[in-house]
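# Chain and residue survey
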Amino acid sequence: MADSGKKTIIMFSGELDKAMAGFIIANGAAAMGDEVTMFFTFWGLNLLRKDEKVPVKKGFLEGMFGWMMPRGAGKPGLSKMNFGGMGKMMMKKIMKDKNVNSLPELLASAQAMGVKMIACTMSMDVMGIRKEEMIDGLEFAGVATYLGEADQAGVNLFI
Amino acid sequence: MAEYTVNARGLQCPGPLVALFNQSKVASPGDIIKIEVTDQGFKKDVQAWCKKTGNELTELKEENSCIFATIVKK
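First, a word on what this report is: a plain description of the structure on this page. None of these values were measured; they are calculated from a predicted model. (Residues numbered from 1 in each chain as written. Chains lettered and ligands numbered in written order. Predicted model: local features only at pLDDT ≥ 70, side-chain atom pairs only at ≥ 80, totals over all residues. Heavy atoms only, no water.)

All right, on to the sheet that holds strand β1 (residues 3-8) of chain B then. The strands that make up a sheet are held in pairs by hydrogen bonds between backbone atoms, and each pair lies either parallel or antiparallel. Residue and element names in this part refer to chain B. Strand order in the open sheet made by the 4 strands is β1-β2-β4-β3, with mixed pairing throughout. If you trace the sheet from one side to the other, it starts and ends with β1 and β3 (56-63), each paired once. Each strand axis lies, on average, 15 degrees off the axis of its neighbour in the sheet, ignoring direction. Inspection of the sheet shows β3 paired to strand β4 (residues 66-72) by 7 bridges, in the antiparallel sense. Bridge assignment links Glu-63 to a residue of β4, and that residue is Cys-66. (Pairing = 2+ DSSP bridges. Helix = DSSP H or I, 4+ residues; strand = E, 2+ residues; numbered from the N terminus. Axes fitted to C-alpha atoms, helices over the stretch in contact; angles between N-to-C directions.)

Okay, here's the thing in structure tokens:
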């Protein structure tokens, strides 16, 4: 089979474990010399928010949404056995002890290796997340951009 | 022809691959990269990496649960 030299990953989920899986694959693919595009939509968008609160004008519901959702890659809990954050803390400790890269480290490493990250503008609009609240180095686009990239990719994942 | 040694001991997947990739980017064709890794998955991974990137794996051995790989940049 021909090597496409390209991978695309849809980051739909915002939980720590799922996001780690996505970012480990992205880092690995980039390290194999592949071009990698990650498309962040819905809960996955929260991973790309800045850690600090950015003052932007929002409607009441948008504000509530923004307040309730985790800000940045250092915040999310586990998809299973989270136990109100206890599970997350235990997992983070184990991963640190075993020298596994943290989610913010994996994100930074992916960006440094040139992984392209696209934020879905439609879900940003729905969830009331503004560009100013997002980390640097992102592209803002919609489903057609993602599909265009996926057409050329040999592997496409939905996480 | 230069020779590089990468100490990736203690790094977990995909850390060793990223370290190897970053070193191979600054190396020139013919250069030798020696890498030491404690992540046990690396034994298989380095073979897959070389196959995919077209670099040559000239030596692969394990001593005291540490994997030593020698790669020639193509």
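Still to come is the rest of the account.
Many analyses report the size of an interface as the accessible area lost when the parts associate. Listed per partner, the contact involves 17 residues of chain A and 13 residues of chain B. Of the roughly 1,100 Å² buried between chain A and chain B on both sides combined, carbon and sulfur atoms contribute 63%. Salt-bridge contacts for Asp-34 of chain A lead to Lys-52 of chain B; the nearest nitrogen and oxygen are separated by 2.9 Å. Put simply, the parts of the chain that give the side of chain A that touches chain B at least two residues each are α1 (16-31) and α4 (103-112) of chain A. When residues in the side of chain A that touches chain B are grouped by element, the largest group, 5 residues, is from α1 of chain A. In terms of residue class, the side of chain A that touches chain B is built from 7 nonpolar, 6 polar and 4 charged. (Contact = heavy atoms within 4.5 Å. Buried area = accessible area lost by both parts, 1.4 Å probe. Salt bridge = Lys/Arg side-chain N within 4 Å of Asp/Glu carboxyl O. Nonpolar A, V, L, I, M, F, W, Y, C, P; charged D, E, K, R; others polar.)

Enumeration according to the criterion identifies 15 salt bridges over all chains in this entry. Here Asp-34 of chain A ties to Lys-7 of chain A by a salt bridge, and the two come within 2.8 Å at their closest N and O atoms. On the criterion of sequence distance, the pair formed by Asp-34 of chain A in the loop between α1 and β2 (35-40) and Lys-7 of chain A in strand β1 (residues 6-11) is long-range, its members being 27 residues apart. Judged by relative accessible area, which is 9%, Asp-34 of chain A ranks as buried. Given a relative accessible area of 18%, Lys-7 of chain A falls into the buried group. Its salt-bridge partner being Lys-74 of chain B, residue Glu-56 of chain B comes within 3.1 Å of it at the nearest N-O pair. Taken together, the positions of Glu-56 of chain B in strand β3 and Lys-74 of chain B in the segment after β4 put the pair 18 residues apart, joining distant regions of the chain. Shared partners join several salt bridges into a network, and the residues in it are Asp-3, Lys-7 and Asp-34 of chain A together with Lys-52 of chain B. (Buried < 20%, exposed > 50% of the residue type's maximum accessible area, 1.4 Å probe, protein only.)

All right, on to helix α1 (residues 15-26) of chain B then. Helix length check: α1 of chain B (12 residues) gives 17 Å between terminal C-alpha atoms against 16 Å at 1.5 Å per residue, within 8%. The buried count for α1 of chain B comes to 9 of 12 residues, which makes it a mostly enclosed element. If you follow the buried residues of α1 of chain B, they end up packed against α1 and α4 of chain A together with β1, β2 (32-37), α2 (42-53) and β4 of chain B. (Expected span 1.5 Å × (residues − 1).)

Take unusual backbone geometry next. Between Cys-13 of chain B and Pro-14 of chain B the backbone carries a cis peptide bond, its omega angle lying at 5 degrees. The residue Pro-14 of chain B is located in the loop between β1 and α1 in this model. The phi dihedral of Phe-83 of chain A falls on the positive side, at around 45 degrees, and the residue is not glycine. With respect to the helices and strands, Phe-83 of chain A occurs in the loop between α2 (60-68) and α3 (86-97). A residue is classified by how much of its surface remains accessible, and Phe-83 of chain A, at 60% relative accessible area, is exposed. Phi is positive for Asn-64 of chain B, which is not a glycine, with a value near 50 degrees.

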